[in-house]
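# Results of the structural survey
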Amino acid sequence: MELLLRPWKTDDAPALQICADDTEVARNLRDVFPHPYTLQDAQNYIAFCRKREHAAHQLCYAIAADGALAGSIALTMGADVYRKSAELGYWLAKSYWGKGLMTRAVAQICKEGFAAFDLVRIYAEPFSRNIASRRVLEKNGFVLEGVLRKSVCKEGRILDSCVYALIQE
């Protein structure tokens with residue numbers, strides 16, 4: 001399957017709304033990711049990514065698989081004392097799960113992030129129950145730095161989250 005990370009286009013909004021409006025996708029993401037996911041949510045997200053990208057605060061890409069929209073991936077630069085770090089966030093439409101796409105997308109954006117920005121560290125904070133996401137990180141050389149016990153509240157449940165990091169040597 002061909003993978004392409006590309007900038008968001010305004011006409012991606014209908015496909016984004018369809019991909020993102022899935023309970024199983026939303027259950028492993030922060031509450032800022034709306035559910036249900038409306039066309040307006042998609043338009044707002046694309047506008048946000050396009051604005052931040054031009055300000056050099058993040059890399060925010062649409063993930064395309066064989067030309068079709070499959071998900072989203074972003075690196076958001078830290079500020080102040082965290083200016084040498086970036087947070088990695090990503091999700092994939094359920095129909096693309098288990099195909100190795102996200103492992104490849106993470107490798108690509110991390111390589112680009114280290115080359116483009118003065119970074120020492122890229123980190124991600126998946127929920128501990130999200131084994132597939134944790135495996136994506138581990139396959140890309142991220143190291144589990146710790147489990148934050150009872151650190152998040154999702155869908156009325158208190159959950160553990162993990163901190164994974166990739167250090168540029």
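The structure under discussion appears in the preceding block.
It should be emphasised that the depicted structure is a prediction, and the values quoted were computed from it without experimental measurement.

### A word on the state of the cysteines
- Scanning the model with the defined rule gives one disulfide in all.
- Cys-153 takes part in no disulfide bond, and the closest cysteine sulfur to it belongs to Cys-162, at a distance of 17 Å.

### Considering the layout of surface pockets
- In this structure, the largest pocket occupies an estimated 1300 Å³ of space.
- In terms of lining residues, the largest pocket is bounded by 44 residues, among which Asn-28, Leu-29, Gly-89, Tyr-90 and Trp-91 are the most central.
- Taken together, the elements giving at least two residues each to the lining of the largest pocket come down to helix H2 (23-26), helix H3 (39-54), strand S2 (58-65), strand S3 (68-77), strand S4 (85-92), helix H4 (101-116) and helix H5 (131-139).
- Tallied by class, residues from the lining of the largest pocket come to 24 nonpolar, 11 polar and nine charged.

### Regarding the sheet that holds S3
- Spatially, seven strands are ordered S1-S2-S3-S4-S5-S7-S6 in an open sheet, and the strand pairing comes out mixed. Because the sheet does not close on itself, it has two edges, and the strands there are strand S1 (3-7) and strand S6 (143-154). Across the sheet, the mean angle separating the axes of adjacent strands is 25° when strand polarity is ignored.
- Sheet analysis places S6 next to strand S7 (residues 157-167), joined by eight bridges and oriented antiparallel. Each residue of the ladder has a partner; that of Val-152, found in S7, is Leu-159.

### Topic: the packing of aromatic side chains
- Within the structure shown, the criterion is met by three aromatic pairs.
- Judged by centre distance (5.8 Å) and plane angle (85°), the rings of Trp-8 and Tyr-45 are edge-to-face. Of this pair, Trp-8 sits in the loop between S1 and helix H1 (13-20) while Tyr-45 sits in helix H3; the two residues are 37 residues apart in sequence, bridging distant segments of the chain.
- Here Trp-8 falls in the buried class, since its relative accessible area comes to 2%.
- A relative accessible area of 23% places Tyr-45 in the partly exposed class.
- Aromatic side chains Phe-33 and Tyr-37 sit 5.1 Å apart centroid to centroid with 40° between the ring planes, which places their arrangement in the tilted category.
- Looking at Tyr-37, the relative accessible area reads 4%, which means it is buried.
- By way of ring pairs, the aromatic residues Phe-33, Tyr-37 and Trp-91 are connected into one cluster.

Conventions we followed
- Residues numbered from 1 in each chain as written.
- Predicted model: local features only at pLDDT ≥ 70, side-chain atom pairs only at ≥ 80, totals over all residues.
- Heavy atoms only, no water.
- Disulfide = S-S within 2.5 Å.
- 1 Å grid on protein atoms, 1.4 Å probe; cavity = no way out; pocket = protein on both sides within 12 Å on 5 of 7 lines; lining within 4 Å.
- Points joined across faces, edges and corners; volume = space filled by probe spheres on them.
- Helix = DSSP H or I, 4+ residues; strand = E, 2+ residues; numbered from the N terminus.
- Nonpolar A, V, L, I, M, F, W, Y, C, P; charged D, E, K, R; others polar.
- Pairing = 2+ DSSP bridges.
- Axes fitted to C-alpha atoms, helices over the stretch in contact; angles between N-to-C directions.
- Phe/Tyr/Trp six-rings, centres within 6.5 Å; stacked < 30°, edge-to-face > 60°.
- Buried < 20%, exposed > 50% of the residue type's maximum accessible area, 1.4 Å probe, protein only.

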